[in-house]
Amino acid sequence: MSYDSYLEAIKTLNLWAKHYYILDDPIASDEEYDALYHQIKEFEANNPTQISKDSPTQRVGDRILESFNKSEHIERMWSLDDIFNTQELQDWINRVSKDENLNFTIDPKFDGASLNLLYENGILQKATTRGDGFIGEEVTQNAKTIPSIPLSIPYTDKIEIRGECVIAKDDFEAINQERLENGEALFANPRNAAAGSLRQLDSKITSKRKLQFIPWGVGFCQINEESFFALMEKIRSFGFIASPFSKLCSNLQAIEDSYQNLISKRDSYPITLDGMVIRVDNIPLQKSLGFTIKAPRFACAYKFPAIEKKAKILDIVLQVGRTGVITPVAILEPVMIEGAKVSRATLHNFDEIKKKDILINDSVILIRSGDVIPKIIKSLPTLRDGTQKQCKMPTHCPICNSELLIEEKLIKCQNLNCKARVKNSLIHFISKKALNIDGLGKRIIDLLFELGKITKIEDIFSLQYEDLEGLEGFKDKKIHNLLNAIKQAKGIDLWRFINALGIEHIGEGASKKLANTFGNDFYHKSFEDFVVLDGFGEEMANSLVEFCHVNQERINHLLAILQPKCNQSTTNANLSNQTFVITGTLSQKREVYQEILESLGAKVSSSVSKKTNFLLCGEEAGSKLTKAQELGVKVISEEDFWNLIQETKK
């Protein structure tokens, strides 16, 4: 085979693949495809320096990764605000139309894992998961194994193409059946299977999972097009799967008709759908409407109504949280809801069990909408057959057998050494809003705790290489990365340390207030010191006093280990007790400005009121700016903000 015939063979194979995977219209037999594929492999084996990036052999990588690199999106990947009924749809249309006659692009909302594809010079350069919207995990090697993602496109400028990685319902069932036979944990639903498959360190596993990529939008894009519908038609013509129900609508009734049509197909359609995405079609108007702090104003997700299913409660078990609170959990006869197998549902507390008249062996109505955790909304007493029995309120902890504290709705294990409390406290201690140790998550804490490698918080900081060596999934690089991340946790912000302690009623905001007001001396303060703080009440103050008194020695020890830094604000600081609201699109994440302000004693609120002193205003500001102007609140730009911070620090 010559080089020219090699390139021609690649063209032919890619055409056949497009008809098979994209158009669902095969034009070659499997035998023909395999024969040509092996000819290409033979040429590449003899000419390794001449392998084309467009070759189908490049879809499966042989290198197994130890971890994923972080990668920043050129343009942020936004979440969508949800609407649930016709009135909310009308309200949204009124907000965006401003009495203009607009067209709207509608698309099905697939339940999968979002992915951002970066193409340059027509070649797929990078594939990145959504992550936090700014930075995700680079999964390029895995994306190349997905047949519906073109390795090259007929467009040479830089472009970010975004879409959903999904697994068909039948393929999901086949994957779970195989995992069941192999004794592996089952995926909860097709979305989890898609996300898990996309994040495999071995791309050969991803290649077997039958993932599909369906584009729904763009990030960075220089295509000169005024219609979003026309833009996506052009994107799909590059070799992507067409979205089956995409269309243009010109009014509420047309949108509502399409929505009802989609609902009628949700059960029969081969891929899980959880709603419909509606966008203003005019791209210049999209840019004019802009974004809120978390979502575009020009688009929304019209979610499907919650699905109700009947289920049977087989038992009610007790779950012990990190603060010792006992939560009753219903064990259900497994039932499928929106592609997810549901076998547990929280009952919150015994007061709820009483109000809903729930008994063991009862039939109940279970509801789940989108990502909402399934919950029991009522029992069905008319279906009782005499086998039902009450769930007795416990008097002793199901884990450590200590006598429980019972106060109205609250039932609590007071034993700090209770195994369930200890493990859940460890998980909370390293969580995102606490120490946020990179690479140390719930699964690893579970493993190390069950193996006895860590039995208390302090043990995390004395872990050695030998403790991790030989554990499943721990290779040399991963061990060193984890130990380094633990070392780097020393010197964290004091508020993170306070939040990590898991004090009842004390969350992120209260932790920042304590750090800014009292510094490292916070745990020596009295009820009177705490109760006068803005936003603190007697319950919070009592909780703090009790916790700090009981755990004083331990807090002191942990402070010595972690040596957290404290940007304690002074009482005469210019921003002390000043209230800020942040709105519009700024050059950095909102959290950056919020942390700076709170470190200087200021308070950051989510809404504008008479008590607001400053509105930090970015581009595309909306109703908050209008309200601030009406109330005479001082509006400052980002430049004004940095000048104010510099003056305050002086």
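Residues numbered from 1 in each chain as written. Predicted model: local features only at pLDDT ≥ 70, side-chain atom pairs only at ≥ 80, totals over all residues. Heavy atoms only, no water.

**Considering the pattern of salt bridges**
Here the structure, examined in full by the defined rule, presents 24 salt bridges. For Asp171, the salt bridge goes to Lys210, with nearest N and O atoms at 4.0 Å. In this pair, Asp171 sits in helix α5 (residues 169-181) while Lys210 sits in the loop between α7 (203-207) and β8 (212-218), placing the two residues 39 residues apart along the sequence. Residue Arg236 pairs with Glu233 through a salt bridge whose shortest N-O separation is 3.3 Å. Here Glu233 and Arg236 lie together in helix α8 (residues 228-236), a separation of 3 residues that amounts to about one turn. Since its relative accessible area comes to 8%, Arg236 is described here as buried. The class for Glu233 is partly exposed, based on a relative accessible area of 42%. (Salt bridge = Lys/Arg side-chain N within 4 Å of Asp/Glu carboxyl O. Helix = DSSP H or I, 4+ residues; strand = E, 2+ residues; numbered from the N terminus. Buried < 20%, exposed > 50% of the residue type's maximum accessible area, 1.4 Å probe, protein only.)

**A look at the UniProt feature "binding site: NAD(+)" (unreviewed entry) in the chain**
The sites that UniProt annotates as "binding site: NAD(+)" (unreviewed entry) are Asp30, Glu31, Glu32, Tyr33, Asp34, Ser79, Leu80, Asp107, Arg130, Glu164 and Lys303. On the secondary structure map, Asp107 appears in strand β3 (residues 104-110). For Asp107, a relative accessible area of 5% corresponds to the buried category. Apart from residues no more than four positions distant in its own chain, Asp107 is found in contact with Phe228, Arg236, Ser243, Ser246, Met276, Val277 and Arg279. By secondary structure assignment, the location of Lys303 is in strand β11 (residues 299-303). (UniProt positions renumbered as here; feature names shortened; annotations may be inferred. Contact = heavy atoms within 4.5 Å.)

**A look at the UniProt feature "active site" (unreviewed entry) in the chain**
When the UniProt feature table is mapped onto this chain numbering, "active site" (unreviewed entry) sits at Lys109. Looking at where Lys109 falls in the secondary structure, it is placed in strand β3. Each residue touching Lys109, except ones within four places of it in the same chain, is listed here: Thr272, Leu273, Asp274, Gly275, Met276, Val277, Ala301 and Lys303.

**Here's the deal with the pairing of strand β4 (residues 113-120)**
For β4, the buried fraction is high: 7 of the 8 residues fall into the buried class. Strand direction decides the pairing type here: β4 and strand β7 (residues 159-166), joined by 7 bridges, are antiparallel. Within the sheet, the bridge partner assigned to Ser114 lies in β7 and is Glu164. Judged from the 6 bridges that link them, β4 and strand β5 (residues 123-129) form a sheet pairing that is antiparallel. By the bridge assignment, Leu115 is partnered in β5 with Thr129. Linking two consecutive strands that pair antiparallel, namely β4 and β5, is a turn of 2 residues; a positive phi of about 55 degrees is found at Asn121 within it. (Pairing = 2+ DSSP bridges.)

**What to know about the nonpolar core**
Nonpolar side chains tend to gather and get buried jointly when the protein is soluble and globular. Residues Phe461, Phe497 and Phe522 are the most contacted members of the largest nonpolar core, which totals 55 residues. When contributions to this core are tallied by element, the ones reaching two or more residues are α12 (419-429), α13 (442-450), α15 (476-488), α16 (494-500), α17 (508-518), α19 (538-550) and α20 (552-562). In terms of domain composition, this core takes at least three residues from each of domain 4 (419-489) and domain 5 (494-562). When neighbours within four sequence positions are excluded, Phe497 is seen to be in contact with Ile492, Phe522, Ile555, Leu558, Leu559, Leu562 and Pro564. If you look at the next biggest cluster of nonpolar residues, it comprises 34 residues, including Ala113, Ala193, Ile223 and Leu231. (Core = buried A, V, L, I, M, F, W, Y, C linked by side-chain atoms within 4.5 Å. Domains from an automatic or database assignment.)

**Structural notes on the domain arrangement of the chain**
When the domains of the chain are assigned, the result is domain 1 (3-58), domain 2 (81-303), domain 3 (312-390), domain 4 (419-489), domain 5 (494-562) and domain 6 (579-649). Computed over C-alpha atoms only, the centres of domain 2 and domain 4 are separated by 35 Å.

**Concerning the side chain of Asp281**
Residue position: Asp281 is located in the loop between β10 (273-280) and α10 (283-289). Despite being buried, Asp281 has no salt bridge partner; Arg279 is the closest side chain of opposite charge, sitting 9.0 Å away. Polar side-chain contacts of Asp281 include one of 2.9 Å to the side chain of Ser227. Of note is the side chain of Asp281, whose polar atom sits 2.8 Å from the backbone nitrogen of Phe229. Non-local contacts of Asp281, meaning those with residues more than four positions away in its chain, are made with Asn103, Phe104, Thr105, Glu226, Ser227, Phe228, Phe229, Leu248 and Gln286. (Lys, Arg positive; Asp, Glu negative; His and termini not counted. Polar contact = N/O pair within 3.5 Å; in protein donor to acceptor, adjacent residues only side chain to side chain.)

**Examining the environment of Ser29**
Of note, Ser29 is situated in the loop between α1 (3-22) and α2 (30-46). Put simply, Ser29 and Leu562 are 533 residues apart on the chain and 64 Å apart in space, counted from C-alpha to C-alpha.

**Structural notes on unusual backbone geometry**
One non-glycine residue, His348, adopts positive backbone phi at about 70 degrees. The topology assignment puts His348 in the loop between β14 (340-346) and α11 (350-355). Classification of His348 as partly exposed rests on a relative accessible area of 41%. Even without a glycine there, the phi angle at Asn361 is positive, about 80 degrees.

**Regarding the sheet that holds strand β19 (residues 579-583)**
Spatially, 4 strands are ordered β20-β19-β21-β22 in an open sheet, and the strand pairing comes out parallel. Among the strands making up the open sheet, the edge pair consists of β20 (603-605) and β22 (634-636). Averaged over all neighbouring strand pairs, the angle between strand axes comes to 30 degrees, with direction disregarded. With 3 bridges joining them, strand β21 (residues 614-617) and β22 adopt parallel strand pairing. In the sheet register, Leu615 faces β22, and the bridge partner there is Val635. Contacting β19, β21 and β22, helix α22 (residues 623-631) crosses the sheet at an angle of about 145 degrees to β21. (Axes fitted to C-alpha atoms, helices over the stretch in contact; angles between N-to-C directions.)

**With respect to the packing of aromatic side chains**
Counted according to the given criterion, the structure contains 19 aromatic pairs. On the basis of an interplanar angle of 90 degrees and a centroid distance of 6.3 Å, the ring pair of Tyr119 and Phe240 is categorised as edge-to-face. Residue Tyr119 is found in strand β4, and its partner Phe240 is found in the loop between α8 and β9 (247-249); the two are separated by 121 residues along the sequence. We classify Tyr119 as buried; its relative accessible area is 0%. Three or more aromatic residues link up through ring pairs in this structure, and these residues are Tyr3, Tyr6 and Phe43. Taking the ring centre of Trp78 as reference, the NZ or CZ of Arg76 above it sits at 3.9 Å. The aromatic ring of Trp495 is capped on one face by Lys512, whose charged end is 4.6 Å from the ring centroid. (Phe/Tyr/Trp six-rings, centres within 6.5 Å; stacked < 30°, edge-to-face > 60°. Lys NZ or Arg CZ within 6 Å of the ring centre and 35° of its normal.)

**A short note on the side chain of Asp111**
Mapped onto the secondary structure, Asp111 falls in the loop between β3 and β4. The exposure class assigned to Asp111 is buried, which follows from its relative accessible area of 11%. For Asp111, the side chain forms a polar contact with the side chain of Arg191, separated by 3.2 Å. Residues in contact with Asp111, not counting those within four places in the same chain, are Val166, Arg191, Thr272 and Asp274.

**Comments concerning the sheet that holds β11**
If you walk across this open sheet you meet the 5 strands as β2-β11-β10-β3-β9, and the pairing is mixed. Of all the strands in the sheet, the pair left with one neighbour each is β2 (82-83) and β9. As judged from the 5 bridges shared by β10 and β11, these two strands associate in the antiparallel manner. Bridge pairing links Arg279 to Ala299 in β11. Seen against the sheet, α8 touches β3, β9 and β10 and runs at an angle of roughly 50 degrees to β3.

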